[in-house]
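In case you want the letters, here they are:
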Amino acid sequence: MLDFSSVKNGSKTFAELAAGLTKADLYWLTDEMVDTMQESIADAVNADVIFVPDDPQANDAFGKPEEVHLPWTLGHVIVHATASSEEAAALALVLARGLPVEGRSRYEVYWETVKSVAQIRQRLEESRRMCKAMLDAWPDEPHLDVTFTHSRVGELNAIGRFLFGLSHNADHLGQLREIMRQSRELHPRA
């Protein structure tokens, strides 16, 4: 898996991390991320999907005010992470086509509707398909000179913008594993 620690600790920018990567690398990295997320929930049961974990650090400053300190369920993490990677892929497509990014391109399945393992597995596979389809839509010669300045991570071209979505998913891997760990304690496997 691509190591995002150099970006997190400030020793590299996303632009530096993206340097040398190709569109083909993004297909592979997408598969690797979805496969890793699927592996994290490999033994999940339906009870895990709606289990509310103990998360004293829950703080969603971007969500609904009444949900700011609400611990996220497994279903919530999956729909949030997939929405973020799809948004990154959509905005990367805009940049690759040589156009400026204007606004956001985000749709997130409402987390409370996700109650089964089948739904989260389907959501992950749908997201994989969508992200790779957006890569398919890149021109043969993407406009990697066209950039967008993200308020938190600086200037990004199409590859960097796509990577930002993968980085966001990587940030949630530990959360997925911790939810599964806590839920396994309450819902032992046969």
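Look up: the structure comes first, before these words.
Each chain has its residues counted from 1, following the order in which its sequence is written. Selection of residues for local features in this predicted model requires a pLDDT of at least 70, selection of side-chain atom pairs for listing and counting requires 80 or more, and totals for whole chains, interfaces and linings are taken over all residues. Note that the side-chain values use all heavy atoms of the structure and ignore hydrogens as well as water.

### As for the overall build of the protein
Short version of the rule: Each helix is a run of H or I in the DSSP string that is no shorter than four residues. Each strand is a run of E no shorter than two, and both are numbered from the N terminus. C-alpha atoms define the radius of gyration, and 2.2 Å times the number of residues to the power 0.38 defines the globule rule. The contact rule is simple, with two residues in contact once any of their heavy atoms fall within 4.5 Å. The protein chains shown are the only cover counted for residues, whose accessible areas, like all others here, come from Shrake-Rupley with a 1.4 Å probe. Neither His nor the chain ends contribute to the count of charged residues, in which Lys and Arg are positive and Asp and Glu negative. Throughout, a charge is located at the NZ atom of Lys, the CZ atom of Arg, the CG atom of Asp or the CD atom of Glu.
Within the protein one finds seven helices and two strands. Counted from the first residue to the last, the protein has its helices and strands arranged as α-α-α-α-α-α-β-β-α. Relative to the compact-globule value of 16 Å for 190 residues, the protein shows a C-alpha radius of gyration of 17 Å, a close match. Taken along its principal axes, the extent of the C-alpha atoms in the protein is 50 × 30 × 30 Å. In the protein, the share of contacts with a sequence separation of at least 24, taken over all contacts with a separation of at least 6, comes to 74%. As displayed, the protein has an accessible area near 9,800 Å², and 54% of this comes from carbon and sulfur atoms. Across the protein, the centroid of the 19 positively charged side chains sits 3 Å from that of the 29 negatively charged ones.

### Quick notes on the nonpolar core
A general tendency of soluble globular proteins is for nonpolar side chains to be buried together. Note the cut-off: For the purposes of this section, nonpolar cores are sets of buried Ala, Val, Leu, Ile, Met, Phe, Trp, Tyr and Cys residues that join through side-chain atoms within 4.5 Å. Each residue is placed in one exposure class: buried if its accessible area under a 1.4 Å probe, protein chains only, is under 20% of its type's maximum, exposed if it is over 50%, and partly exposed if it falls in between.
Of all hydrophobic cores here, the largest spans 49 residues; its most connected members are L26, M37, L74, W138, F162 and L163. Among the elements that line this core, the one with the most residues is helix α5 (residues 74-96), at twelve residues. When residues no more than four places from it in sequence are discounted, the contact partners of L26 are L135, W138, I159, F162 and L163.

### A look at α5
Defined as follows: Expected helix span is given by 1.5 Å per residue-to-residue step, counting one fewer step than there are residues.
Taking 1.5 Å per residue, 23 residues should reach 33 Å; α5 reaches 33 Å between its end C-alpha atoms and fits that length. When you tally the buried positions in α5, you get 22 out of 23 residues, the bulk of the element. Backbone geometry just after α5 places G98 at a positive phi near 90°.

### Section: the environment of V114
Here V114 is to be found in the loop between α5 and α6 (117-136). On the basis of relative accessible area, V114 is assigned to the buried category, the value being 7%. Here the alpha-carbon distance between V114 and G75, two residues 39 residues apart in the chain, equals 5.5 Å. The residues contacting V114, other than those within four sequence positions of it, are V49, I50, G75, V79, V109, Q119 and I120.

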